[in-house]
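# Geometric and topological summary
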Amino acid sequence: MTRAGFVALIGAPNAGKSTLFNRLVGEKLAAVTPKPQTTRFTLQGILTCEKTQYVFVDTPGWIASPRNRWHHILTQQSLSAAKDADIQLWVYSHYTSPSEVPQEVVDFLRKAPCLCVGLTYLDILTPHEREKRLNTLLEDLNSYPIRWYGDISMDRPLEPLLESLASLLPASPFLYPSGQLTPLPVRFFVAEIIREKVYEHLHEEIPYGTEVEITLYRETPEKDYIVATLHVEKASQKPIAVGKKGQMIKKIGSAARQAIEAWLNKRVYLELHVKVSSKWRQSPLYLKSLGYRNL
């Protein structure tokens, strides 16, 4: 008998969802930076074992105190993925407080059909502190219908988690061919790589007010040709993103091109443009055109 299904990784920003997602699928598909809200869209990665196929879904971090329409959308995308999944895997950071969970998410989690909890960042503690903190975290979560919980920090193996998830997935034929890593198109991951480099090179509020749009993607046997637009919210942000004599956008483009070439294992021509899209995080029209759902 084979088992297959969807496992949604949900949690607060910077809880370690994307890092765990990449560990689970064995490939860096999700952008990872120290800044919160690096993940903006739901992202699917497939792990196929002998008799089990896991479709892991990385989601945006939910926002406890949303300040704009974009924040609401990020939370709704996370919640929507959790509702659609067979298993809800709550990635719960050592730094997390229960008060950071939006009430609508709390209401769902308390009725979640198959809630599991993976605890992260406990590896920074001493063994004694770790055990004490683990017990405290479990007390925080005792009002939720948890089917499995465990320490999934970076120094812990993932086999116990995978074994438990496999036992909870429904009996089903595999949903995708056994060799497939993701159902999403290449251009999606190219945008993720560019976004990661934007977060690494730009600071303060600017990365959060920036979105990446792939406007041209042309494949040839020798080289892929890619044109992308970085949308910024304010006219004052454009010269910062471009940099003096274009140095900043060149740095971002160079870093992104190298990462894309390493991921695709082929040469890439990458051209970046910066466009002022005023208040795009508040505009349903802009948000829809940039690929956001749950408007």
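Right, let's walk through the structure included here. (Residues numbered from 1 in each chain as written. Predicted model: local features only at pLDDT ≥ 70, side-chain atom pairs only at ≥ 80, totals over all residues. Heavy atoms only, no water.)

## Observations concerning the pairing of strand 7 (residues 210-219)
- The pairing of strand 7 with strand 8 (residues 223-232) spans nine bridges and is antiparallel. Across the sheet, the residue bridging to tyrosine 217 is isoleucine 226, located in strand 8.
- Taking the residues that link successive antiparallel strands as the turn, the strand 7-strand 8 hairpin has three residues. (Pairing = 2+ DSSP bridges. Helix = DSSP H or I, 4+ residues; strand = E, 2+ residues; numbered from the N terminus.)

## Regarding the packing of aromatic side chains
- Taken as a whole, this structure holds eight aromatic pairs when the rule is applied.
- Centroid distance tryptophan 90 to tyrosine 144: 5.0 Å. Interplanar angle 80°. Geometry classified as edge-to-face. Placement of tryptophan 90 in strand 4 (residues 87-93) and of tyrosine 144 in the loop between helix 4 (127-140) and strand 6 (146-151) is noted, with a sequence separation of 54 residues between them. Considered together, tryptophan 90 and tyrosine 144 belong to a single accessibility category, that of buried residues.
- Plain terms: the ring middles of tyrosine 225 and tyrosine 269 are 5.8 Å apart, the flat faces sit at 45° to each other, and that makes the pair tilted. Of the two residues, tyrosine 225 is situated in strand 8 and tyrosine 269 in strand 9 (residues 267-276); the sequence distance between them amounts to 44 residues.
- Looking at tyrosine 225, the relative accessible area reads 27%, which means it is partly exposed.
- Residue tyrosine 269 is classed as partly exposed on the basis of its relative accessible area, which comes to 36%. (Phe/Tyr/Trp six-rings, centres within 6.5 Å; stacked < 30°, edge-to-face > 60°. Buried < 20%, exposed > 50% of the residue type's maximum accessible area, 1.4 Å probe, protein only.)

## With respect to the pattern of salt bridges
- Going through the model one piece at a time under the given rule, you end up with twelve salt bridges.
- Two residues, aspartate 151 and arginine 156, come together in a salt bridge whose shortest N-O distance is 3.8 Å.
- When its relative accessible area of 18% is taken as the criterion, aspartate 151 is described as buried.
- Residue classification places arginine 156 among the partly exposed residues on the basis of a relative accessible area of 33%.
- Among the salt bridges present, the one from lysine 197 reaches glutamate 200, with a minimum N-O distance of 3.4 Å. You can see lysine 197 and its partner glutamate 200 sitting in helix 6 (residues 186-201), three residues apart, about one turn around the helix.
- We classify glutamate 200 as partly exposed; its relative accessible area is 38%.
- Residues joined in a network through salt bridges with shared partners are Lys28, Glu196, Lys197 and Glu200. (Salt bridge = Lys/Arg side-chain N within 4 Å of Asp/Glu carboxyl O.)

## Examining the packing of helix 6 against helix 8 (residues 247-264)
- The contact between helix 6 and helix 8 brings their axes to 9 Å, and the two run at 140°. Here helix 6 lies oblique to helix 8, going by the angle between them. In this structure, helix 6 meets helix 8 at a crossing whose hand is right-handed. Of helix 8, the residues touching helix 6 (which contributes Val186, Phe189, Val190, Ile193, Ile194, Lys197, Val198 and His201) are Met248, Lys251, Ile252, Ala255, Ala256, Ala259, Ile260, Trp263 and Leu264.
- For the contact of helix 6 with helix 8, the per-class residue count stands at 14 nonpolar, one polar and two charged. (Axes fitted to C-alpha atoms, helices over the stretch in contact; angles between N-to-C directions. Parallel < 35°, antiparallel > 145°, perpendicular 65-115°, else oblique. Left-handed = near helix turned anticlockwise from the far one by under 90°. Contact = heavy atoms within 4.5 Å. Nonpolar A, V, L, I, M, F, W, Y, C, P; charged D, E, K, R; others polar.)

## Examining unusual backbone geometry
- Positioned with a positive phi, asparagine 14 is a non-glycine residue whose angle comes to about 65°.
- Note that asparagine 14 resides in the loop between strand 1 (3-10) and helix 1 (17-25).
- Look at lysine 279: it is not a glycine, yet its phi comes out positive at around 50°.
- Tracing the backbone through its elements, the reader meets lysine 279 in the loop between strand 9 and helix 9 (284-289).
- Overall, the relative accessible area of 57% leaves lysine 279 in the exposed class.

## Observations concerning the pairing of strand 1
- With six of eight residues buried, strand 1 lies mostly within the body of the structure.
- Of the strand pairs in this sheet, strand 1 and strand 3 (residues 52-58) are connected by seven bridges, and their pairing is parallel. Bridge pairing in strand 3 places phenylalanine 6 opposite valine 55.

## Here's the deal with the environment of tyrosine 199
- Considering the arrangement of structural elements, one finds tyrosine 199 in helix 6.
- Distance in space between the C-alpha atoms of tyrosine 199 and glutamine 76 is 23 Å, their sequence separation being 123 residues.

## A look at the sheet that holds strand 8
- Overall, mixed pairing links the three strands, which are arranged 7-8-9 in an open sheet. Unpaired on one side and paired on the other, strand 7 and strand 9 mark the two borders of the sheet. Shown here is a sheet whose adjacent strand axes are inclined to one another by a mean of 20°, direction ignored.
- As judged from the ten bridges shared by strand 8 and strand 9, these two strands associate in the parallel manner. In the sheet register, valine 232 faces strand 9, and the bridge partner there is valine 276.
- Relative to strand 7, helix 6 is tilted by about 135°, and along the sheet it contacts strand 7, strand 8 and strand 9.
- Sheet strands in contact with helix 8 are strand 7, strand 8 and strand 9, and its direction is about 140° off that of strand 9.

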